[in-house]
Amino acid sequence: MSKLVSKTSPLVIIVSPSDADAKGERADRVLTGISALPSRSQLKIWFSEGLITLDGRPLQPASKVKPGDRIEVLMRPEEVQNLDPIPLDLKILFEDDDLLVLHKPKGLSMHPGAGKEQTTLVHGLLHHSQSLSSRSGDFRPGIVHRLDKDTEGLVVVAKSNEIHDALSEQFSKRLIIRRYWALVYGHSPKQFVVEGNIGRSPVDRKKMAIVKSGGKPARTEVQTLKHFPAGFSWVECQLKTGRTHQIRVHLSSKGFSLLGDPLYLRKGQKALDAHWKSALEELKGQALVAFELGFVHPRTGRSLRFEIPPPSWMLPFIHS
């Protein structure tokens, strides 16, 4: 059995010969046998968020580890345990026995997480539906993909594991249509593409970053819709991959941080003048909207496509 060296975060685990041979063993299989760690579904989420590393580099579930390797697991504080259903005014655009598509508002977290207890989309989903998939773990029923708390827009929710798996396959094969609107500082080029592996920032673990080694491949295609004299632009982003904070990281890396972004605003970024004070206060977080979502219904084979109009907080900017 692999040896647990530390019992506090980050957990340090030394891979033993009984868990891996010279050819190596999958990291997720080794870690699943450690009683101090959570379920395999939770480990999968930690892998995706870059919280499990080897020699400072993020590991993937299928990464090979060998005897003597030192794995570090940056465990989060204990997660919210209260998953009582709570009635929410869900903006549902489509629903059948297999799935639903809804408009998640700004300021609502997708699911419970570390920190103080709060109402999330999952609480509302549990009140709305008696059947939700369990593939994403106990605290994320039905959740196939995620939007940041302060990013609003369209999400699809699975009501069974069969549908969840089929939708996840479409995501992994990059068959899902996902388009976003963003408001960014500066005057961006008419069209451009940003590519670069995204992983946990080696400088600030709260942030993601384009990393030189490790991480996951990411591609964002950007089209500028309009420039504004005040010094910002309205852009449309099409995701070809779906990494954590992808649009925020990619655009900031090119010098076009999102208006209102509390995490990725670049130092020295020119602020808007006092005329925009009230609009920026109304913004409350990054100016990002997942306005279009398209996929093939796993059971019927029907192509589904959904769009929402610009939200109210966006109108003062794009109509200026």
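As shown above, the structure is provided for reference.
Residues numbered from 1 in each chain as written. Predicted model: local features only at pLDDT ≥ 70, side-chain atom pairs only at ≥ 80, totals over all residues. Heavy atoms only, no water.

Peer 1: Now, about the pairing of strand β8 (residues 91-95): what can you tell me, with residues and values included?
Peer 2: Alignment of β8 against strand β9 (residues 99-104), held across 4 bridges, turns out to be antiparallel. Residue pairing in the sheet places F94 in a bridge with V101 of β9. Hairpin geometry of β8 and β9 is characterised by an intervening segment of 3 residues between the two adjacent antiparallel strands. (Pairing = 2+ DSSP bridges. Helix = DSSP H or I, 4+ residues; strand = E, 2+ residues; numbered from the N terminus.)

Peer 1: Describe the side chain of Q246, and please don't skip the residues or the numbers.
Peer 2: Within the fold, Q246 resides in helix α5 (residues 246-253). A polar atom in the side chain of Q246 sits 3.1 Å from the backbone nitrogen of R243. In this structure, Q246 is in contact with I198, A218, R219, T220, L239 and T241, ignoring residues within four places of it in sequence. (Polar contact = N/O pair within 3.5 Å; in protein donor to acceptor, adjacent residues only side chain to side chain. Contact = heavy atoms within 4.5 Å.)

Peer 1: Could you give an account of α5, naming the residues involved and the relevant values?
Peer 2: Every α-helix winds through 3.6 residues per turn, so residues three or four apart in the chain are directed the same way. Within α5, 7 of the 8 residues are buried, which leaves the element mostly enclosed by the surrounding structure. Where α5 terminates, the next one or two residues include G255, which has phi positive at roughly 90°. (Buried < 20%, exposed > 50% of the residue type's maximum accessible area, 1.4 Å probe, protein only.)

Peer 1: Residue-level account of the pairing of strand β10 (residues 152-158), with values.
Peer 2: With 7 of 7 residues buried, β10 is to be regarded as a mostly interior element. Bridge count between β10 and strand β17 (residues 288-296): 2 bridges; the pairing is parallel. If you follow E152 over to β17, its bridge partner there is V289.

Peer 1: So what about empty space enclosed by the protein? Which residues, and what values?
Peer 2: Overall, the coordinates contain 1 cavity of 30 Å³ or more when judged by the stated rule. Estimated volume of the largest cavity: approximately 30 Å³. Along the walls of the largest cavity sit H145, L147, L154, R178, R179, Y180, A290, E292 and L293, which together make up its complete lining. When residues of the lining of the largest cavity are traced back to their parent elements, those giving at least two are β11 (177-185) and β17. Here the residues of the lining of the largest cavity are counted per class, giving 5 nonpolar, 1 polar and 3 charged. (1 Å grid on protein atoms, 1.4 Å probe; cavity = no way out; pocket = protein on both sides within 12 Å on 5 of 7 lines; lining within 4 Å. Points joined across faces, edges and corners; volume = space filled by probe spheres on them. Nonpolar A, V, L, I, M, F, W, Y, C, P; charged D, E, K, R; others polar.)

Peer 1: How would you explain unusual backbone geometry if you had to name every residue and give the values?
Peer 2: A positive phi is found at D55, a non-glycine position, where the angle reads about 55°. Looking at the element boundaries, D55 is found in the loop between β4 (52-54) and β5 (57-58). You can call D55 exposed: its relative accessible area is 60%. A positive phi angle, near 55°, is found at K284, a position not held by glycine. As for its placement among the helices and strands, K284 is situated in the loop between α6 (277-283) and β17.

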